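The primary structure of each chain is shown beneath.
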Amino acid sequence: MKRLLFASLLLGFIAPVMPKEICTLTSEVEPDVTITMEYVPVMGGGEGTLNYKNKPSLFFEVGITNGYGGQYYVARSYSTESSNKDKTYLERIKNTKKISYGNFMNFVGNQLGRATSKEERKSGELRALMPTLSRDYYYSIPFTEKGQYGRQKLSKKMKTILDASEGFFVDSGGCRNFFPYGWDS
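Here's a quick rundown of the structure.

**What to know about the overall build of the protein chain**
Of the regular secondary structure elements, the protein chain holds four helices and ten strands. Its helices and strands taken in sequence order, the protein chain reads α-β-β-β-β-β-α-β-β-β-β-α-α-β from the N to the C terminus. Scored against the burial criterion, the 185 residues of the protein chain give a buried share of 42%. Here the contacts in the protein chain between residues at least 6 apart in sequence split such that 50% fall between residues at least 24 apart.

**A short note on the pattern of salt bridges**
Pairs can form between side chains of opposite charge whenever their charged atoms are close. Inspection of every chain in the model, using the stated rule, returns five salt bridges. Its salt-bridge partner being Asp136, residue Arg135 comes within 3.1 Å of it at the nearest N-O pair. Look at Arg135 and you get partly exposed, because its relative accessible area is 47%. A residue is classified by how much of its surface remains accessible, and Asp136, at 17% relative accessible area, is buried.

**Some words on the environment of Pro56**
Structurally, Pro56 can be placed in strand β4 (residues 55-64). Contacts of Pro56, omitting those with residues within four sequence positions, involve Thr49, Leu50, Asn51 and Tyr78.

**Focus on the side chain of Thr160**
Relative to the helices and strands, Thr160 is located in helix α4 (residues 156-165). Those residues within four positions of Thr160 in sequence are excluded, and the remaining contacts are Glu30, Val33 and Tyr52.

**Overview of the sheet that holds strand β6 (residues 98-103)**
Here we have ten strands laid out as an open sheet, ordered β6-β5-β4-β3-β2-β1-β10-β9-β7-β8, and antiparallel in their pairing. At either margin of the open sheet sits one strand with a lone partner, and together these are β6 and β8 (111-112). Relative to strand β10 (residues 169-171), strand β9 (residues 126-129) runs antiparallel, the two sharing two bridges. Residue pairing across strands places Arg127 opposite Val170, the latter belonging to β10. Packed on one face of the sheet, α4 meets β1 (22-27), β2 (33-40), β3 (45-52), β4 and β10 and runs near 135° to β3.

**Some words on the side chain of Ser27**
Relative to the helices and strands, Ser27 is located in strand β1. A relative accessible area of 3% means that Ser27 is categorised as buried. Excluding residues that lie within four positions of it along the chain, Ser27 makes contacts with Val33, Ala164, Phe168 and Phe169.

**Topic: the packing of aromatic side chains**
Under the definition given, this model contains six aromatic pairs. Relative to Phe178, the ring of Tyr39 lies with its centre 5.7 Å away and its plane at 75°, an arrangement referred to as edge-to-face. Of this pair, Tyr39 sits in strand β2 while Phe178 sits in the segment after β10, placing them 139 residues apart in sequence. Aromatic pair Tyr138 and Tyr139: ring centres 5.1 Å apart, planes at 80°, arrangement edge-to-face. Since its relative accessible area comes to 54%, Tyr139 is described here as exposed. Seen from the ring of Phe143, Arg151 lies directly overhead, with NZ or CZ sitting 4.5 Å from the centre. One cation-aromatic arrangement involves Lys153 over Tyr149; the distance from NZ or CZ to the ring centre is 5.5 Å.

Parameters and conventions
- Residues numbered from 1 in each chain as written.
- Predicted model: local features only at pLDDT ≥ 70, side-chain atom pairs only at ≥ 80, totals over all residues.
- Heavy atoms only, no water.
- Helix = DSSP H or I, 4+ residues; strand = E, 2+ residues; numbered from the N terminus.
- Buried < 20%, exposed > 50% of the residue type's maximum accessible area, 1.4 Å probe, protein only.
- Contact = heavy atoms within 4.5 Å.
- Salt bridge = Lys/Arg side-chain N within 4 Å of Asp/Glu carboxyl O.
- Pairing = 2+ DSSP bridges.
- Axes fitted to C-alpha atoms, helices over the stretch in contact; angles between N-to-C directions.
- Phe/Tyr/Trp six-rings, centres within 6.5 Å; stacked < 30°, edge-to-face > 60°.
- Lys NZ or Arg CZ within 6 Å of the ring centre and 35° of its normal.

Purely geometric numbers; function is a separate question.
Put into structure tokens, the structure is as follows:
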């Protein structure tokens, strides 16, 4: 009986392990391209990676701007250091290059999350559009050197990421906190 009492007291002092809130956005046109992010409350969004066939291609962040309050994204070149949570943010991005920065636009179905009046809102999938990502990604690719892939000769991976970045990304799990301007169905 004493052991049972001791065990229950001990378990009461151990903090429960909280699962990380992971958001997965999947391209509507290229399902091999996903964005996975861990929620970071102080950002009003999070950070993670844009992936091709489940392998990181770009470091990716989403947050809420100060003042007006729209959402933004930042895509950077990927390095293994950028995912190291033991380092400060500045240490993690020090060896990366900013590829793109712009609006992270929330949609519910086909309705713009921030601008749709309450009377006109309909339920639908949470979707995101980043209008400048495709252009910025394209111009981040160097010209083709002899026999290599580049802007003039895209690899399958480059073409797939480019096609995906021109369209919508759909919430395929855990992204509700990344859509503050959406509404629940």
